[in-house]
Amino acid sequence: RVQRVAGEQLPRYVRVNTLKTTVEDAVDYLKRDGFSYLGQASRLDDLTLKKKEFVKDLHLPQLLVFAPKTDFHNHFLYKAGHIILQDKASCLPAFLLNPTPGSHVIDACAAPGNKTSHLAAIMENKGKLFAFDLDAKRLATMSTLLLRAGVTCHKLAHQDFLTIDPDSPQYKDVENILLDPSCSGSGMVCLKDHASNEEEEDQTRLASLASFQLRCLNHGLRFPRLKRLVYSTCSIHRQENEEVITACLHQNPNFRVVHALAHWPERGLEPLSQCLRASTSKTRTHGFFVALLEKHSMSRDMKL
Ligand code: SAM
């Protein structure tokens, strides 16, 4: 119950979809629509807003922040795909991967597609965005979402990412992967209500999720031209986050973790402070974890 209250107090985050509009045009539209614009936030407390007030986020340039529970589901900007309702923490993976327009990218566990649409916006709809998911229903939702968002550079496939052949010619130019696999969801403050679970059951479930996550991660790193991979979960458990990354680094010594977003207020648990964490108390978001892995460059390897 405590978690549910905390969830209701989170700001409403709105990502401006730059495939359809600009941040400035969205801000102007919202001002004309009766919202009061307070400018660019510069500290976390600026995200505490009253009804009808809004600011630009302090970390992510395409993100607008509103009072908790501001409802946009019937708003023109939402229905026309100009804005995407997406928690701030879940905007981090695509923002950190930052694929260049024209590049080839894989979104390994993609549905319902918020991060895919974010990647497409960063790629300016240029290049190839291969998106996989196992769940047909979620893929159907995803098609609607991507259509509304004006995404055209994607190729959706109802496939198990673990069965995708990294050596297939169609993926030969893939340099970036976003991996947001199924997780316990323990960071989702509105959904969390499982205090009655037996600890032992939780441990078994976590171990099986972590093993799946590590297999996905190892599989992602097998794509021959891969340079960068972002791994994310909406879990607060070390087992699904830092421990998965640590095991992966042991098995793939040709990759390292990049120190991401120096000014982000919450870091991965030691010793993985290069990674990012997010929480209601420190970042005013759902609980989240993000790691950016990068292949050692040839020149770097030679220097070592
Ligand atoms: N990235 C999505 C977004 O931002 O909208 C959310 C992804 S959700 C955390 C994890 C997804 O992974 C689920 O939709 C699930 O169906 C999918 N999934 C689970 N196992 C998979 C597998 N082996 N291959 C592909 N997708 C898988």
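Residues numbered from 1 in each chain as written. Predicted model: local features only at pLDDT ≥ 70, side-chain atom pairs only at ≥ 80, totals over all residues. Heavy atoms only, no water.

Trainee: Which parts of the structure should I look at to understand the pairing of strand β6 (residues 104-107)?
Mentor: The side chains of a regular strand alternate, first on one face of the sheet and then on the other. By the alternation rule, side chains of β6 split into H104 and I106 and V105 and D107, which are all buried. The pairing of β6 with strand β7 (residues 128-133) spans 4 bridges and is classified as parallel. Within the sheet, the bridge partner assigned to D107 lies in β7 and is A131. The parallel pair β6 and β7, bridged by helix α5 (residues 114-122), forms a crossover whose chirality is right-handed. Pairing analysis gives 4 bridges linking β6 to strand β9 (residues 174-179), with the strands arranged parallel. From the neighbouring strand, D107 faces β9, where its bridge partner is L178. (Buried < 20%, exposed > 50% of the residue type's maximum accessible area, 1.4 Å probe, protein only. Helix = DSSP H or I, 4+ residues; strand = E, 2+ residues; numbered from the N terminus. Pairing = 2+ DSSP bridges. Right-handed = clockwise from strand over helix to strand, strands pointing away.)

Trainee: Hey, could you run me through the confidence of the model for the protein in this one?
Mentor: In low-pLDDT segments, the atomic positions of the prediction should not be examined closely. Looking at the protein as a whole, the pLDDT averages 93, with 91% of positions reaching at least 70. Below pLDDT 50 for its whole length, residues 1-5 participates in 6 contacts with residues either more than four positions away or in separate chains. Considering only residues more than four positions removed or in separate chains, one finds that residues 298-304, a stretch of pLDDT under 50, has 2 contacts. Among the scores for the predicted complex, ipTM is 0.99 and pTM is 0.94. (pLDDT = per-residue confidence, 0-100. Contact = heavy atoms within 4.5 Å.)

Trainee: What should I look at first to understand the pattern of salt bridges in this one?
Mentor: When the charged atoms of two side chains with opposite charge come close together, those side chains can pair. Under the criterion given, the structure shown has 14 salt bridges. Its salt-bridge partner being R225, residue E175 comes within 3.3 Å of it at the nearest N-O pair. Here E175 is found in strand β9, whereas its partner R225 is found in the loop between α7 (199-220) and β10 (228-233), with 50 residues between them in sequence. Residues joined in a network through salt bridges with shared partners are K172, D173, E175, R225 and K227. (Salt bridge = Lys/Arg side-chain N within 4 Å of Asp/Glu carboxyl O.)

Trainee: Sorry if this is basic, but what is going on with the site of the ligand here?
Mentor: By nearness alone, 19 residues border the ligand, and D133, R138, D160, F161 and D180 come closest of all. The separation between an oxygen atom of the ligand and a polar main-chain atom of P112 is 3.4 Å. Between the ligand and G113, the relevant distance is 3.0 Å, taken from an oxygen atom to a main-chain nitrogen or oxygen of the residue. In the complex, 88% of the free accessible area of the ligand, which totals 600 Å², lies under the protein chains. For the shell around the ligand, the class distribution of residues is 9 nonpolar, 4 polar and 6 charged. (Near = heavy atom within 4 Å. Polar contact = N/O pair within 3.5 Å; in protein donor to acceptor, adjacent residues only side chain to side chain. Areas by Shrake-Rupley, 256 points an atom, 1.4 Å probe, with all protein chains shown as cover. Nonpolar A, V, L, I, M, F, W, Y, C, P; charged D, E, K, R; others polar.)

Trainee: Just to check I follow, could you spell out the pairing of β9 for this structure?
Mentor: Across the 6 residues that make up β9, a large majority, 5, are buried. Across 4 bridges, the pairing between β9 and β10 is parallel. Within β10, the residue paired with L178 across the bridge is V230.

Trainee: Which parts of the structure should I look at to understand the nonpolar core?
Mentor: Within soluble globular proteins, side chains that are nonpolar generally end up buried alongside one another. Within the largest apolar cluster, 45 residues are counted, with the highest numbers of intra-cluster contacts made by L92, L96, L119, L129, M142, L276 and V290. Going through the elements one at a time, β4 (63-66), α4 (92-97), α5, β7, α6 (136-148), β12 (276-278) and β13 (288-295) are the ones with two or more residues in this core. Filtering out sequence-adjacent residues up to four positions away, M142 remains in contact with A110, A111, P112, G113, T116, A131 and L156. I106, L217, F223 and I245 belong to the second-largest nonpolar core, a separate cluster that totals 31 residues. (Core = buried A, V, L, I, M, F, W, Y, C linked by side-chain atoms within 4.5 Å.)

Trainee: How should I be thinking about helix α2 (residues 23-32) in this particular structure?
Mentor: Every α-helix carries 3.6 residues per turn, so stepping three or four residues along brings you back to the same face. Within α2, burial applies to V23, A26, V27 and L30. Viewed end-on, α2 has its buried residues packed into an arc of 100 degrees, placing them on one side of the element. For α2, the secondary structure elements touched by its buried residues are β1 (12-16), β2 (36-40), β3 (53-56), β4 and α3 (76-79). (Arc of directions from axis to C-beta.)

Trainee: What's the story with empty space enclosed by the protein in this structure? I'm lost.
Mentor: Within this structure, the stated rule accounts for 1 cavity of 30 Å³ or more. Put simply, the largest cavity is a space of about 60 Å³. Lining the largest cavity we find R15, L60, P61, Q62, L63, C91, F95 and H118. Of the residues that constitute the lining of the largest cavity, the class distribution is 5 nonpolar, 2 polar and 1 charged. (1 Å grid on protein atoms, 1.4 Å probe; cavity = no way out; pocket = protein on both sides within 12 Å on 5 of 7 lines; lining within 4 Å. Points joined across faces, edges and corners; volume = space filled by probe spheres on them.)

Trainee: When you look at the state of the cysteines in this model, what are you seeing that I'm missing?
Mentor: A covalent bond bridging the sulfur atoms of two cysteines is what the word disulfide describes. As enumerated under the stated definition, the model contains 0 disulfides in all. No disulfide involves C153; its sulfur sits 17 Å from the nearest other cysteine sulfur, which is in C91. No disulfide involves C183; its sulfur sits 3.5 Å from that of C234, the nearest cysteine. (Disulfide = S-S within 2.5 Å.)

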